[in-house]
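A look at the structure
Below are the chains, spelled out letter by letter.
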Amino acid sequence: MKISYNTIMRNPSLCDGKGYRTVVFLQGCDLHCKNCQNKDTWDVSKGHLVETAELAALIRETSFNKQITISGGEPLMQKDAVLELIELLPDYDICLYTGHDISEVPQLILDKIHYIKYGRFIDELKTSMIPFVGSSNQVFMEVKHETSK
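Residues numbered from 1 in each chain as written. Predicted model: local features only at pLDDT ≥ 70, side-chain atom pairs only at ≥ 80, totals over all residues. Heavy atoms only, no water.

Overview of the packing of aromatic side chains
What characterises a pair of aromatic rings is the spacing of the ring centres plus the angle enclosed by the ring planes. The line we're drawing: Each Phe, Tyr or Trp ring, with Trp reduced to its six-membered ring, pairs with another whose centre is within 6.5 Å; inter-plane angles below 30 degrees give stacked pairs, above 60 give edge-to-face pairs, and intermediate values give tilted ones. Strands are runs of DSSP state E lasting at least two residues, helices are runs of H or I lasting at least four, and both sets are numbered from the N terminus onward. Each residue is assigned to one of three classes by its accessible area relative to the maximum for its type, calculated with a 1.4 Å probe on protein chains only: buried under 20%, partly exposed between the two thresholds, exposed over 50%.
Under the definition given, this model contains three aromatic pairs. Seen in terms of ring centroids, Tyr 20 and Phe 64 are 5.7 Å apart; in terms of plane orientation they differ by 70°. Their pairing is edge-to-face. Linking Tyr 20 in the loop between strand 1 (2-8) and strand 2 (22-26) with Phe 64 in the loop between helix 1 (52-62) and strand 4 (67-71), this pair joins segments that are 44 residues apart in sequence. Phe 64 gets classed as exposed once you look at its relative accessible area, which sits at 55%. Taking 4.7 Å as the distance between ring centres and 45° as the angle between the ring planes, the aromatic pair formed by Phe 132 and Phe 140 counts as tilted. On the accessibility criterion, Phe 140 (19% relative accessible area) is buried. These aromatic residues form a ring-pair network of at least three members: Tyr 115, Phe 132 and Phe 140.

Following this line, the structure appears as structure tokens:
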């Protein structure tokens, strides 16, 4: 299956979920939030279209500690490919950032990730006081405890 991505952050982040995480920015967004910081990820045709296995291999080369955040753009635009990518990385601590509501996240994805940030970015509610979110209406939560692998 194909997946479109924009970039893989080469310098891990402390701001995109718990721990020191590699961030994978997927390409394509259906939300177009006002004052989005990732407008270059909106147009799905401008990404790198690769097989999910190829992106998983790139992540394995890039992520030194097996902690990643899948962001965007909007990952749920490619939910089937995201699920396949997650299944190719079963030994990874995975966080998913989505602007959609948690009720729109497929249960199969929720069952395989450790953290999620959900909710649309609202510029008028922008905050830097709540860890891992951009606006105060968004929620960051743990969805799965680390299991022995």
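After that view, the rundown keeps rolling.
Re helix 1
What counts here: Arc definition: it is the arc formed by the directions from the helix axis to the C-beta atoms. For this analysis, residues touch if any pair of their heavy atoms sits within 4.5 Å.
Residues Thr 52, Leu 55, Ala 56, Ile 59 and Thr 62 constitute the buried set of helix 1. All buried residues of helix 1 lie within an arc of 125° about the axis, which places them on one face of the element. On the buried face of helix 1, the contacting elements are strand 1, strand 2, strand 3 (48-51), strand 4 and helix 2 (79-87).

Comments concerning the pattern of salt bridges
The cut-off we apply is this: The term salt bridge refers to a side-chain nitrogen of Lys or Arg lying within 4 Å of a carboxyl oxygen of Asp or Glu.
Considering all chains together, one arrives at six salt bridges under this definition. One salt bridge connects Arg 21 with Asp 93, and the closest N-O pair in it is separated by 2.8 Å. Here Asp 93 lies in strand 5 (residues 93-97) and Arg 21 lies in the loop between strand 1 and strand 2, a separation of 72 residues in the sequence. In this structure, Arg 21 and Asp 93 share a single accessibility class: buried.

Observations regarding the layout of surface pockets
Definition in use: The definitions used throughout rest on a 1 Å grid laid over the protein atoms alone, on which a cavity is an enclosed set of points accommodating a 1.4 Å probe that cannot get out and a pocket is an open set flanked by protein within 12 Å on both sides along at least five of seven lines; lining residues are those having an atom within 4 Å of a point. Grid points are joined across faces, edges and corners, and a volume is the space filled by probe spheres set on the points.
For the largest pocket, the calculated volume is near 610 Å³. What lines the largest pocket is a set of 31 residues, among which Gln 37, Asn 38, Lys 117, Phe 121 and Gln 138 lie closest to the centre.

Topic: the state of the cysteines
As a reminder of what qualifies: The criterion for a disulfide is a pair of cysteine sulfur atoms lying within 2.5 Å.
Using the criterion set out here, one finds zero disulfides in the structure. For the unlinked cysteine Cys 36, the closest cysteine sulfur is that of Cys 29, found at 6.3 Å. Since its relative accessible area comes to 24%, Cys 36 is described here as partly exposed. Free of any disulfide, Cys 95 has its nearest neighbouring cysteine sulfur in Cys 15, separated by 12 Å.

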